[in-house]
Amino acid sequence: MHRTLIIEDDRQVAEVTRGFVDRHREFSVVGVVGTASGAVGAIASLHVELVLLDMQLPDGLGLDVLRAVRARGYRGEVVALTAARDVDTVREARQLGIRHYLVKPFNMKTLHERMDEVAAALQQTNGGGQLDQGGVDKLMTGTIPVRSERESKTLTLIVEALRRHREGASAAVIGEETGLSRVSARRHLERLVEDGRASVSPVYGKAGRPEMVYSSTQVG
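The following paragraphs examine the structure supplied in this document.

**Remarks on the overall build of the chain**
Stage number 1. Counting its regular elements, the chain contains nine helices and nine strands.
Stage number 2. Across the 220 residues that make up the chain, the buried fraction comes to 42%.
Stage number 3. Excluding contacts between residues fewer than 6 apart, the proportion of contacts in the chain whose partners are at least 24 apart in sequence is 61%.
Stage number 4. Carbon and sulfur atoms provide 51% of the accessible area of the chain, an area that totals close to 12,400 Å².

Structure follows, in structure tokens:
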């Protein structure tokens, strides 16, 4: 089992994330920390192989934590789990060795897909020895699942539908226009958000829970 540390200041989010990790067959949570100051020491003392890192902590930034532990020699895997999606943060995260960046909210399936890739990378590096070109590519960029032709066509339809709604649209609206169920449309929309091809934000009505509205981030 790969030792995992969750760095998250929101207790409820941390517990949900812990539940997700506990359901993965290859990882176990050895600690949960809610501050930047506590995270630096925990990464070293707990000898973790994977860090699930929030970028916005009450006493500092996740990037500051990462800089500090990298300087101290930490070479383990880091997955960013955060609401921060600005270009500078994402670019610097990449420069500091983060190959997986999930924007909140995320579901267990999406997190497990990234953890599967981390597990494959850890298996390669723990084994030592030489890598062929395919192994190098996987280690450098992550094992990105190849989408089926059908899924790619569906995503294209959804992108086209989003472009027609300059003010954004809900999953229900996009589903109706593309012939998908609301649940299926939302799943594909979240994939577009992960890819940076769409954005999502809550729109508050007169009463009840906010509606999530998706917008295309592509011009043209």
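Anyway, onward from the coordinates.
**Some remarks on the pattern of salt bridges**
Oppositely charged side chains can form a pair if their charged atoms are brought close together.
Stage number 1. Taken as a whole and judged by the stated rule, the model has eleven salt bridges.
Stage number 2. Arg67 is the salt-bridge partner of Glu92, the closest N and O atoms lying 2.4 Å from each other. Of this pair, Glu92 sits in helix 4 (residues 87-95) while Arg67 sits in helix 3 (residues 62-71), and the two are 25 residues apart along the sequence.
Stage number 3. The partly exposed category is assigned to Glu92, whose relative accessible area is 24%.
Stage number 4. Note that Glu77 is salt-bridged to Arg99, the shortest N-O span being 3.0 Å.

About the criteria used
Residues numbered from 1 in each chain as written. Predicted model: local features only at pLDDT ≥ 70, side-chain atom pairs only at ≥ 80, totals over all residues. Heavy atoms only, no water. Helix = DSSP H or I, 4+ residues; strand = E, 2+ residues; numbered from the N terminus. Buried < 20%, exposed > 50% of the residue type's maximum accessible area, 1.4 Å probe, protein only. Contact = heavy atoms within 4.5 Å. Areas by Shrake-Rupley, 256 points an atom, 1.4 Å probe, with all protein chains shown as cover. Salt bridge = Lys/Arg side-chain N within 4 Å of Asp/Glu carboxyl O.

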